[in-house]
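Here are the chains, one letter per residue:
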Amino acid sequence: MKKRFFKKSFFRKTVCIAVFLLLAASWDAAASQTNDKLKAAGKKIDELEDQMEGAQEKIGELREEEGNLKGELAGFNSQLAEVSAQINDLEAQIGEKKTAIKKTGKELEKAVNTKEEQYESMKLRIRFIYESGGADLAAALLGSNSLAEFLNKAEYVVEINRYDRRMLQNYEETCRQISQKKKDLQTEKKELTAMQETMEQRKEEVNGLIAKTQASIQAKQNEISNAQETVNEYEAQIQKMKAYEEELERKKAEEAKKRAAEQKKAAEQQKRESEKNKGSKGSEPVPSGGGSVTSNASDLAMLAALVECEAGGESYEGQWAVASVVVNRVRSGSFPNTISGVIYQGGQFSPVASGRFAMALARGASKSCTQAANAALSGSVNLNCLYFCRASSGVSGTVIGNHVFY
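Criteria and thresholds
- Residues numbered from 1 in each chain as written.
- Predicted model: local features only at pLDDT ≥ 70, side-chain atom pairs only at ≥ 80, totals over all residues.
- Heavy atoms only, no water.
- Helix = DSSP H or I, 4+ residues; strand = E, 2+ residues; numbered from the N terminus.
- Buried < 20%, exposed > 50% of the residue type's maximum accessible area, 1.4 Å probe, protein only.
- Contact = heavy atoms within 4.5 Å.
- Areas by Shrake-Rupley, 256 points an atom, 1.4 Å probe, with all protein chains shown as cover.
- Pairing = 2+ DSSP bridges.
- Axes fitted to C-alpha atoms, helices over the stretch in contact; angles between N-to-C directions.
- Core = buried A, V, L, I, M, F, W, Y, C linked by side-chain atoms within 4.5 Å.
- Parallel < 35°, antiparallel > 145°, perpendicular 65-115°, else oblique.
- Left-handed = near helix turned anticlockwise from the far one by under 90°.
- Nonpolar A, V, L, I, M, F, W, Y, C, P; charged D, E, K, R; others polar.
- Phe/Tyr/Trp six-rings, centres within 6.5 Å; stacked < 30°, edge-to-face > 60°.
- Expected span 1.5 Å × (residues − 1).
- Salt bridge = Lys/Arg side-chain N within 4 Å of Asp/Glu carboxyl O.
- Patch = residues over 30% accessible without salt bridge, like charges linked within 9 Å, V, L, I, M, F, W, Y side chains within 5 Å.
- Lys, Arg positive; Asp, Glu negative; His and termini not counted.
- Charge placed at Lys NZ, Arg CZ, Asp CG, Glu CD.
- Polar contact = N/O pair within 3.5 Å; in protein donor to acceptor, adjacent residues only side chain to side chain.

**Q** What's the story with the overall build of the chain in this structure? I'm lost.
**A** Broken down by element type, the chain carries nine helices and three strands. Starting at the N terminus and walking to the C terminus, you meet the elements of the chain as α-α-α-α-α-α-α-α-α-β-β-β. Burial analysis of the chain (406 residues in total) assigns 30% to the buried set. When contacts within the chain are restricted to residue pairs at least 6 apart in sequence, those whose partners lie at least 24 apart make up 78%. Per element, the accessible surface of the chain, about 24,700 Å² overall, is 53% carbon and sulfur.

**Q** What am I meant to see in the sheet that holds strand S2 (residues 398-400) here?
**A** The strands making up a sheet associate through backbone hydrogen bonding, with each pair oriented either parallel or antiparallel. Taking strand neighbours across the sheet as the criterion, the three strands line up as S1-S3-S2 in an open arrangement whose pairing is antiparallel. Since the sheet does not close on itself, it has two edges, and those belong to strand S1 (388-390) and S2, each with one partner. Across this sheet, the average inter-strand angle for adjacent strands is 30°, counted without regard to direction. Pairing of S1 with strand S3 (residues 403-405) involves three bridges; the strand directions are antiparallel. The residue bridging Cys389 from the neighbouring strand is Val404, located in S3. Each of S1, S2 and S3 touches helix H5 (residues 316-332); the most contacted strand, S3, lies at about 45° to it.

**Q** What should I look at first to understand the nonpolar core in this one?
**A** Nonpolar side chains in soluble globular proteins tend to end up buried together. Core analysis: the largest hydrophobic core is formed by 38 residues, its most contacted members being Leu303, Val326, Ile339, Ile343, Phe357, Leu383 and Phe405. Elements with a contribution of two residues or more to this core: helix H4 (297-311), H5, helix H6 (339-343), helix H8 (356-363), helix H9 (367-377), S1 and S3. The element contributing the most residues to this core is H4, with eight residues. Beyond its immediate chain neighbours, meaning those up to four positions away, Leu303 contacts Ala323, Val326, Val327, Ile339, Ile343, Ala373 and Leu377. Counting residues in each nonpolar core, the second largest holds 15 residues, with Ile59, Ile224, Ile238 and Leu248 among its members.

**Q** Which parts of the structure should I look at to understand the packing of H5 against H9?
**A** Relative orientation and spacing of two packed helices are given, respectively, by the angle between their axes and the distance between those axes. Here H5 crosses H9 at 40°, and the two axes come no closer than 8 Å. Considering the angle they form, H5 stands oblique to H9. Crossing of H5 over H9 shows right-handed handedness. Side by side, H5 and H9 meet where Tyr316, Gln319, Trp320, Ala323, Ser324 and Val327 of the first sit next to Ser368, Cys369, Gln371, Ala372, Ala373, Ala375, Ala376 and Leu377 of the second. Residue composition of the contact of H5 with H9, by class: 10 nonpolar, four polar and no charged.

**Q** Honestly, the packing of aromatic side chains in this entry has me stumped. Any pointers?
**A** What characterises a pair of aromatic rings is the spacing of the ring centres plus the angle enclosed by the ring planes. Applying the stated criterion to the full structure yields six aromatic pairs. A centroid spacing of 5.6 Å and a plane angle of 15° characterise the contact between Tyr387 and Tyr406, whose relative ring orientation is stacked. Separated by 19 residues along the polypeptide, Tyr387 in the loop between H9 and S1 and Tyr406 in the segment after S3 bring together distant segments of the chain. The exposure classification of Tyr387 matches that of Tyr406, with both residues buried.

**Q** What is the right way to read H5 from this model?
**A** Note on helix geometry: an α-helix contains 3.6 residues per turn, so any two residues three or four positions apart are oriented the same way. For H5, built from 17 residues, the straight-helix expectation of 24 Å at 1.5 Å per residue is met to within 8% by its first-to-last C-alpha distance of 24 Å. Buried within H5 are the following residues: Gly318, Gln319, Ala321, Val322, Ala323, Ser324, Val325, Val326, Val327, Asn328, Arg329 and Val330. Turning to H5, the residues buried within the fold contact H4, H6, H9, S1, S2 and S3. Backbone geometry just downstream of H5 places Gly333 in the positive-phi region, at approximately 90°.

**Q** Before we go on, may I ask you to explain the pattern of salt bridges in this structure?
**A** Between side chains of opposite charge, a pair can form as their charged atoms come close. With the rule as written, the count across this model stands at eight salt bridges. Among the salt bridges present, the one from Glu49 reaches Lys242, with a minimum N-O distance of 3.8 Å. Taken as a pair, Glu49 in helix H1 (residues 2-132) and Lys242 in helix H3 (residues 147-281) lie far apart in primary sequence, 193 residues in all. Bridged by salt links that share partners, the residues Glu65, Lys220 and Glu223 form one connected network.

**Q** I keep staring at a negative patch on the surface and nothing clicks. Help me out?
**A** Where like charges cluster on the molecular surface, the negative patch consists of Glu47, Asp50, Glu53, Glu57, Glu61 and Glu64. Mapped onto the fold, Glu53 is located in helix H1.

**Q** What is the right way to look at the side chain of Thr104 in this model?
**A** Relative to the elements of secondary structure, Thr104 occurs in helix H1. Engagement of the side chain of Thr104 in a polar contact is seen with the backbone oxygen of Ala100, the distance being 2.7 Å. Once residues within four sequence positions are removed from consideration, Thr104 is found in contact with Ile178, Lys181, Lys182 and Leu185.

**Q** Could you clarify how one ought to interpret the packing of H4 against H8 in this entry?
**A** Contact pair H4 / H8: the axes reach a minimum separation of 9 Å and the direction vectors enclose 125°. One element, H4, and the other, H8, form an angle in the oblique class. Pair H4 / H8 crosses with right-handed handedness. Contacts between H4 and H8 involve Ala301, Met302, Ala305, Leu306, Glu308 and Cys309 on the former and, on the latter, Arg356, Phe357, Ala360, Leu361 and Arg363.

Everything listed here is a matter of geometry and, on its own, says nothing about what the molecule does.
Below, the structure is given as structure tokens:
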């Protein structure tokens, strides 16, 4: 009787184990598919973020080039203002020279007229003295009452002639000076006009440079606009992929939750079978696994790196919670019984599959992530959950920061 019961019990136990293995295989296959999709989504997001970063760097370079062009444009505008001011100054000087030349021309005309009048007056006096008035002059001289009077009259005549010659010479010198002044003013005007033409040419050159620089700035702005559109497209694609990733995370969480429930159910069934066989076999109950966690420096480094990948931007409480999940899995008996086994278990942590975990492990985790990992490994956990996912996935549980733990 006992032998028959033992066989029946053994058969039931074998069936339970077989069913559990089939379910586990099914769960692993589903988890593997979801994880592959998550891995592909994460890889695509990383690629898009790299491309967007490249486009943003390009925008930065273009903005720097635009800034340099604007600096050049400001310099050209300054030169244009300076050249325009010089041209205005030259125009003013040319106007002054024109006025001076006109005034000098009038002075010269007046001086020439005065000289000619003086010359005509002198000719009349000479003609009067030496042609018409010769006898009268002789009579006047000879009719002098004394030698002194005679000499005075003769000296008067000589002085008149001397005055006329001196005045004529003065007027001729005045005309020469005014004429030279006019020539000098005309020369200065010509030089100023040449300078003005040079400045006008320079002004045209600067205007050309300004137009060219403005065109270059407009071209850069168009490039920036196009690059910004590219960045916006990348952002839209990234948001779309992140939404898809969140949906996969939600699906993964649901699968994990279902798996946990089935594992619990199978474990309870196994426990009941063990209790039934306890009296007949006298054997020890099937251990649940887990228990205390032993770790070393390597385990600490791996756990800290995983915490940084999953919750590097979260609060210390959120980082501690992620570390607690890993330690809880080691203790549970439903997962590998080592830190490395839990971390590298297939289909569990997307950073491990994407390669981000390896990079974080190589460079070393932050101080807070290392502290959180060390606390969990030392036996201090802040929750008893075995899973976590993004809070936006809609899964119910304990929400800490951007994650929900269940």
